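Residue-level structure breakdown
Listed below, chain by chain, are the residues.
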Amino acid sequence: MTTDYLVLGSGIAGLSFALEASQFGHVVVATKREAEESNTRYAQGGIASVMGKDDSFELHIEDTLQAGAGLCHRDIVDLCVRSAPERIRWLVDLGVAFSTVAREESVEFDFGREGGHSRRRVLHVEDLTGREIERVLVERCRASSNITVLEDTLGIDLFLSADPGGRARVGGAFVLNRNTGDVVSIAARATILATGGAGKVYLYTSNPDAATGDGVAMAYRAGARVANMEFFQFHPTCLYHPKAKSFLLSEALRGEGGILRRLDGQRFMEGVHPLKELAPRDIVARAIDAEMKSTGDDHVLLDMTHLPRAFLEQRFPHLLGTCLKYGIDMRQEPVPVVPAAHYQCGGVQVDDRGRSCLPGLYAIGEVACTGLHGANRLASNSLLEGLVFAHRAAEDLREARANLPQPAEAALPAWMVNGATPSSRAESVMVSQDWDEIRRLMWNYVGIVRSNRRLMAARRRLDLLHGEVHEYLLSTPLTPDLAELRNLCRVARLIVESSIKRQETRGLHVNLDYPGTDDDRFHSDTLLWAGVRSELVF
Ligand SMILES: Cc1cc2nc3c(=O)[nH]c(=O)nc-3n(C[C@H](O)[C@H](O)[C@H](O)COP(=O)(O)OP(=O)(O)OC[C@H]3O[C@@H](n4cnc5c(N)ncnc54)[C@H](O)[C@@H]3O)c2cc1C
């Protein structure tokens, strides 16, 4: 198959790019499961944008820089924050109906407040913001005759081709059809990674199953630079319930007055940070982790019972309903919560137009590292980042399109792993055992608080697992589980390697062996690069 623009992933970044690029070319969106499935769909809090009367770009920029602990790229923060209102209006024009309130004579957006924000500036659609955005974007993409959406289609590797000048460029991707097991190549004038994050690398995560870090792993294997993988954000409050699979309880609950308590009812954030429950996420997550470690309890409580019942029902209908489904009524009793892996701040290193260091390869959304988040992401800045950089990548391609090489159908490579002919299927018990092992070891050794000893132990174990997965790959047919395991293993290794390189404590990266923060030697991004490859490697 050939197309102008191949997009891998159908969250806010991939779909908004597709809609814009479809104005000047044909787009194929290949996505792992059904089109709606994405982290975007589960976003509850909303999108940050300066649109309120008492707010300013400077304040949003300052809040973002503050959260980023010295590593944000100021020019990118500036660009993103100032682009936000225009991008929001684009979504509104598409049909996203953000919640509003009637004030005096006028109707205004109902701005929510979240941790680390000095003003109310989070636009939301009740507490189902992501679901509404995803619904509108999918609907629009399906209606476009210039966009082909391939569901149940996993990108498994990028391939390189030569441009007319003989320079290596990414020529497209191999994709695996989940239903048939066939691997086909799709050639494109440009390939856009929009595969989201990698929460599944940890045992407990707020992310859905598709978040296995495929984009970062594919890009790294192809020779792109990867940055800041040590900064993984843990959301402080996921529902603690055996059947809830870490259902996320939005920051907006604390924004509206939710109080964190130990199981004995005592409030504990007061002595930790002046913003108390609204301190940045990493501080709240670490405080909860510390409380759980000191009390031996396996969760803490989020108390909303002092807020008016009618307010909870109107502002958080979905969260209230989901908790009720698990037998917890937040109007009457505190909700049990634990922290869980939530957001990957690092990713494929890109410039201010979403371009990676490999010609022909773009990365947008959570898979990318633009420099916006630095060492820690400010709540509700990630949907914004996806929107802004999807737009910028599309604009870049609109301008560059006359000079992009045409995809050459005749030269499409066939999928092969180091020449091996697959013969027998890997025993699925071995694949699932390795999945569990990686996720547990990442949780225990490379989680909220790290140490040199744990990082070294993690590296040794991952090297063993790496060899094992490599062996499956060479000797068995590729299945979706195996493709994801391969990527999880790679991403886990990148997180560990970056964590080892950063010999300090900064933002989300806390190493007990380096308690002092802000070491000048580490005042830069952590870069990992395997070099440009001429053939597919593990
Ligand atoms: C529970 C939850 C709540 C959140 N709340 C907020 C919030 O309120 N505000 C905010 O700003 N951010 C929030 N976030 C973060 C935010 O949702 C994500 O960062 C953002 O949606 C990422 O968008 P994306 O388009 O980059 O990726 P995603 O939305 O994750 O989309 C990635 C897509 O790629 C597909 N994919 C993955 N691998 C492959 C592959 N190999 N081949 C093809 N397709 C693939 C996936 O199936 C998916 O369709 C939240 C995240 C979660 C999990």
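Residues numbered from 1 in each chain as written. Predicted model: local features only at pLDDT ≥ 70, side-chain atom pairs only at ≥ 80, totals over all residues.

Observations concerning the site of the ligand
Neighbouring residues of the ligand: 42 residues in total, closest Gly9, Gly11, Gly45, Gly196 and Gly365. For the shell around the ligand, the secondary-structure elements that each account for two or more residues are α1 (12–21), α4 (129–143), β8 (153–162) and α10 (382–400). Class assignment for the residues of the shell around the ligand results in 14 nonpolar, 23 polar and 5 charged. (Near = placed C-beta within 6 Å. Helix = DSSP H or I, 4+ residues; strand = E, 2+ residues; numbered from the N terminus. Nonpolar A, V, L, I, M, F, W, Y, C, P; charged D, E, K, R; others polar.)

A few points about α10
Between the first and last C-alpha of α10 there are 27 Å, a value that for 19 residues agrees with the 27 Å anticipated at 1.5 Å per step. Of all 19 residues that make up α10, 14 are buried, and the element is covered over most of its length. (Expected span 1.5 Å × (residues − 1). Buried ≥ 20, exposed ≤ 12 C-beta atoms within 10 Å, placed from the backbone.)

A look at the pairing of strand β5 (residues 106–109)
Each regular strand shows side chains that alternate between the opposite faces of the sheet. Bridge count for strand β4 (residues 100–103) against β5 is 4 bridges, and the pairing is antiparallel. Within β5, the position partnered with Ala102 by the bridge is Val107. Counted between consecutive antiparallel strands, the loop separating β4 from β5 contains 2 residues, among which Glu104 sits at a positive phi close to 45 degrees. (Pairing = 2+ DSSP bridges.)

Considering the sheet that holds strand β18 (residues 368–369)
Hydrogen bonds between backbone groups are what pair the strands of a sheet, and the pairing can be parallel or antiparallel. Sheet architecture is open: 4 strands sit in the order β18-β16-β11-β19, paired in mixed fashion. Pairing within the sheet leaves two strands with one partner each, and these edge strands are β18 and β19 (527–528). In this structure, strand β11 (residues 226–227) lies alongside β19, joined through 2 bridges in antiparallel fashion. Residue pairing in the sheet places Val226 in a bridge with Leu528 of β19. Strand contacts of helix α5 (residues 214–222): β11 and β16 (347–349), with the helix running at about 40 degrees to β16, the strand carrying the most contacts. (Contact = placed C-beta atoms within 7 Å. Axes fitted to C-alpha atoms, helices over the stretch in contact; angles between N-to-C directions.)

With respect to the sheet that holds strand β13 (residues 259–261)
Sheet architecture is open: 4 strands sit in the order β12-β15-β14-β13, paired in antiparallel fashion. Both edges of this open sheet fall to β12 (232–239) and β13, since each of them pairs with a single strand only. Strand after strand, the sheet turns through a mean of 45 degrees between neighbouring axes, direction not considered. Strand direction decides the pairing type here: β12 and strand β15 (residues 335–344), joined by 6 bridges, are antiparallel. Across the sheet, His235 pairs through a bridge with Ala340, a residue of β15.

Here's the deal with the nonpolar core
One finds Val7, Phe17, Ile192, Ala219, Val348 and Ile364 to be the most contacted residues of the largest nonpolar core, which totals 157 residues. The dominant element in this core, judged by the number of residues it contributes, is helix α13 (residues 480–501), at 10 residues. Once residues within four sequence positions are removed from consideration, Val7 is found in contact with Gly14, Phe17, Ala18, Val27, Val28, Val29, Ile192 and Ala194. (Core = buried A, V, L, I, M, F, W, Y, C linked by C-beta atoms within 7 Å.)

Digging into the environment of Arg461
Position of Arg461 among the secondary structure elements: in helix α12 (residues 452–475). The spatial distance from the C-alpha of Arg461 to the C-alpha of Arg493 is 9.8 Å, given a sequence separation of 32 residues.

Side note on the domain arrangement of the protein
Taken domain by domain, the protein holds domain 1 (2–230 + 345–411), domain 2 (242–341) and domain 3 (428–515). Put simply, the middle of domain 1 and the middle of domain 2, counted by C-alpha atoms, are 29 Å apart. Across the contact, 19 residues belong to domain 1 and 20 residues belong to domain 2. The residue inventory of the side of domain 1 that touches domain 2, partitioned by class, reads 6 nonpolar, 9 polar and 4 charged. (Domains from an automatic or database assignment.)

So, the packing of α1 against α10
When two helices pack together, you describe them by how their axes are tilted relative to each other and by the distance separating the axes. At a minimum axis separation of 8 Å, α1 and α10 run at an interaxial angle of 30 degrees. What the angle tells us is that α1 and α10 run roughly parallel. Judged by the twist between their axes, the crossing of α1 over α10 is right-handed. Here Ile12, Ala13, Ser16, Phe17, Glu20 and Ala21 of α1 lie close against α10, whose contacting residues are Leu383, Gly386, Leu387, Phe389, Ala390, His391, Ala393, Ala394 and Leu397. (Parallel < 35°, antiparallel > 145°, perpendicular 65-115°, else oblique. Left-handed = near helix turned anticlockwise from the far one by under 90°.)

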